[in-house]
Structures are given as C-alpha cells and as structure tokens.
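# Per-entry structural report
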Amino acid sequence: MASTVRRLSRITSHLNGSKALKEDQHLAKLIASHKAQYLNDVKSSKGKDWTVVMGNEAADLDSIASSIAYAWVQTVVHHQPTIAYIQCERDDYSLRPENLHALHLAGFNDPATQLLCASDLATYRPFPSTRFALVDHNRLGTQFSDGNPDAHVAAIVDHHEDEGLHKDADPRVVAPSGSCAAHVAGLLPDNLPAELATLVIAAILIDTSGLRPGGKATDVDRAAVARLLPHSTLSSEQSLTGPELHDVPSVSELAQALQTKKADVAALSAWDLLRRDYKEYTYRPSWLSSAPEIRAGLATVPLSLKAWAKGGVLESEGVRYMDARGLSVLGVLTTFQSKKGKHKRQMAWVVRASPHGSSSIDVDAIATHLWTGLEGSSDMCVTPLKSFEPHRWEETGSIHIRVYKQGNAKATRKAVAPLLKKIMDTE
Ligand SMILES: [Mn+2]
C-alpha cells in the first residue's frame, strides 16, 4: 500500500496546491496513468492495495462519470489509491455515442484505452482486488465476490432503491435524485479539473432531460449543476441560482447534444440494442419446487418495438440473447416518442427454459406468475399491445411471450426491477 501511495503522490504532487488542482487539464492522462499503475500492481499481486470504484453494468454516462469523479477525489484529494472500473467490454463503448461525446468533452479521446474496463481484467479469477466502492448501484455483483472471501464494500453513493446491503459502508449515501453523479458531486471540492466538472454535469443533464422542470431532476441535481458550472469548461454568464438554470445556453445546448447522440441508435443491430443498456438479476423463487436460481435480464431500448423488433426479430434475437446469457426471463423495456411527440413506453417479456439452467425449472409457472404480477400492478398500468403481434403469441412448448403498452410511461427500469423482484419473491 505504502509504495502505491508513494508512486501516486509522485504523479499527483504537482496537483496538490489548491489552484493547481483546477488548473491541471489532464484528467484523462491522470486516470490513464492510474490504470497503468493498477494493472501493474495487479500483475504483481498487489491489486489489494487499491479500492475499485464501479458503477452498474449498464455502463451509462451516470455510472461512468460517477466512477471517474469518485476515483479522482479519493486518489488525488484523499490519497486513497482508487481506480474507476467500467462494467463493460472494450468493444461496448461504441454502443453509447452519448458517452463518447461526454467523455470526449472531458478529454477522453480513447476511453477504451484510457479507462479500465472488464476486458482489461478478463483473465483474472477471482477478481484481483477486495475493496470496492459502489456508485449508481448498491449491491456488489457476484463476479467480484466469487472466490474472493475478503471482498467488501467500503463506500456506496447511489440513487436506486436501497437493497439494504453492505451496511458498514462509509459513506453510505442511497437517496433519490435524477442522477447518481449529483450525489458524487457533493464529495468534490470546488478546485477540481474543469473537465471533471463538465463530465459530471453531462451525466446529470442526460438523466434529467437537461434539468427540465417537472422532469426527473431533484434539488440535488440542480444544486450540483449550479455549483459545478462555473468550474467547468462550459461557459456560464447568467445567474445560476434560479429555476431557469436549464435555460442557460451552455446547459441546454449540451443537454440537446447528448440527447441527440443518445437517440442516434439507427445503426445498431437488434442484438446491440439488447445489450447496450442491460442489467441482470437472479432470484430463487420459493414458490417453485426446489427453489431454483432464475436469471432475468432487463434491456432498455430507445426505440419502439415496431421500429426494430418486428418480423420475428424480437423472438429470434431475444431468444439468442437469452441463450448467450443463460436467462429464463428477458424483459425488453422500450422508451420512445410517438409521431405526435408523446413519450411512450412498451414492454416485451420472454420466458423460456434456459439452456444452462436446470431442465426441471417450471417455465409455465414462471410465465403465469409473471403475467399475473405485471398485469395486476397498479404502478405500471399495462395493457396488451395490439399493434405488435409476436410471431409465437400462441404459447406453445416452453416459450412464452407477452407484449404490453405501459400506461405509466414514467416508470423506468428503476421501477420495473423492484416490481420484478417482488413478483419473483412473492408466493
Ligand atoms: Mn444512475
């Protein structure tokens, strides 16, 4: 540990004056050098000297910005060697053009090289570090604790529903906000690199539709942007305290640019759409005989089903994806604008026997249970989606598919995941 701190402090010593912190324009260089040191340490079995901070496996901008910001403040300000770990493969960065845009603004021209991601550690089993900080989720993934008995969570900063785990994490901030990055911003000093301020602001804007009044933004999000904007690379000439913050040109222009990039998914295949914004969950339903482990995936897709999944694509690509991930349940959550500009959501669900799972899993019972739970939910208000008829609508064999219109278009995966958990956990 001591030698790692010494080496880090050599690299960061020129940053330590309060002014110098802000004037350093090489956030990306600094983070890339931390990655090189971390990988070196891992090679010589010293991965335990580091705290690994990671966001969730969807690897959205909120997760990436929160990880980088937390790693920066811990390493540079508090001298706790901390590496940002992005939960995606090296090839996955291209799935989210909005991430590339924001990272580019923050000086990361080649994030696949500059940031640490899953591909960099693919050969290490068990995971080579034991101390974790979680941002943008609050449950440590099993791939980090499997065969790693000393694995522990030292800190949590999140805005998802609290799963009540890792109670001795410190800090342990789990509170509502539009973006997790807004909570992380509270840990950052004013004299931070301008690029880092810009990156955090970008994450907040994309998750709050540019702080749109009446949208997902909370006071935590607004306060974070108001405070960081003068320290960022974005210009700010207007008063920043009022509710008009979303109208500041640099704010609304960045929000618009990110939104446009995010919606630009026309080039992606159905397979890439399924994996670009994806989270996975496991359950042990006690109402199934022998309570087998059930793996479920939830993919958020920013296009209507008609736009990418018709003609049997939902069935063929959905099932192929389920086979690859060993899923018994796949939920596809779409979010898009209608021709009239109205924001809408749909859900497509596929239930089938996983090729890797126990053949004794009663998929018919899972499907029945799921349909009852979904259709009975007063939060979701689902109705059958008549305009999209799945090819295998008739439930033959061991595959079940249902497609719904979501009456409550405000419910994101943040609401669907707890509902699915409740359905799986309830008799
Ligand atoms: Mn988030």
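The name an unreviewed UniProt entry assigns to the chain is DHHA2 domain-containing protein, from the organism Schizophyllum amplum. Quoted verbatim from the Cofactor (unreviewed entry) field of UniProt, the annotation for the chain is "Mn(2+)".

## A look at the coordination of the manganese ion
The protein atoms that coordinate the manganese ion are Asp 62 (OD), Asp 136 (OD) and His 159 (NE2), at distances spanning 2.2 to 2.3 Å. Sequence spacing among the residues donating to the manganese ion works out to D-x73-D-x22-H. Of this pair, Asp 136 sits in the loop between β4 (131-135) and α7 (142-145) while His 159 sits in the loop between β5 (152-158) and β6 (172-174), and the two are 23 residues apart along the sequence. Considered together, Asp 136 and His 159 belong to a single accessibility category, that of buried residues.

## Focus on the sheet that holds strand β8 (residues 294-301)
Spatially, the 6 strands line up as an open sheet ordered β7-β8-β9-β10-β12-β11, and their pairing is mixed. Both edges of this open sheet fall to β7 (278-283) and β11 (382-384), since each of them pairs with a single strand only. On average, each strand axis in the sheet is tilted by 25° relative to the strand beside it, whichever way the strands run. Pairing analysis gives 7 bridges linking strand β10 (residues 343-352) to strand β12 (residues 399-406), with the strands arranged antiparallel. Each bridged residue has a counterpart across the sheet, and for Gln 346 the counterpart in β12 is Lys 405. Sheet strands touched by helix α16 (residues 413-425): β7, β8, β9 (329-337) and β10. Its angle to β7, the strand with the most contacts, is close to 15°.

Reading the values: the criteria
Residues numbered from 1 in each chain as written. Predicted model: local features only at pLDDT ≥ 70, side-chain atom pairs only at ≥ 80, totals over all residues. Heavy atoms only, no water. UniProt positions renumbered as here; feature names shortened; annotations may be inferred. Donors = N, O, S within 2.8 Å, 3.2 Å for Na, K, Ca; no water. Helix = DSSP H or I, 4+ residues; strand = E, 2+ residues; numbered from the N terminus. Buried < 20%, exposed > 50% of the residue type's maximum accessible area, 1.4 Å probe, protein only. Pairing = 2+ DSSP bridges. Axes fitted to C-alpha atoms, helices over the stretch in contact; angles between N-to-C directions. Contact = heavy atoms within 4.5 Å.

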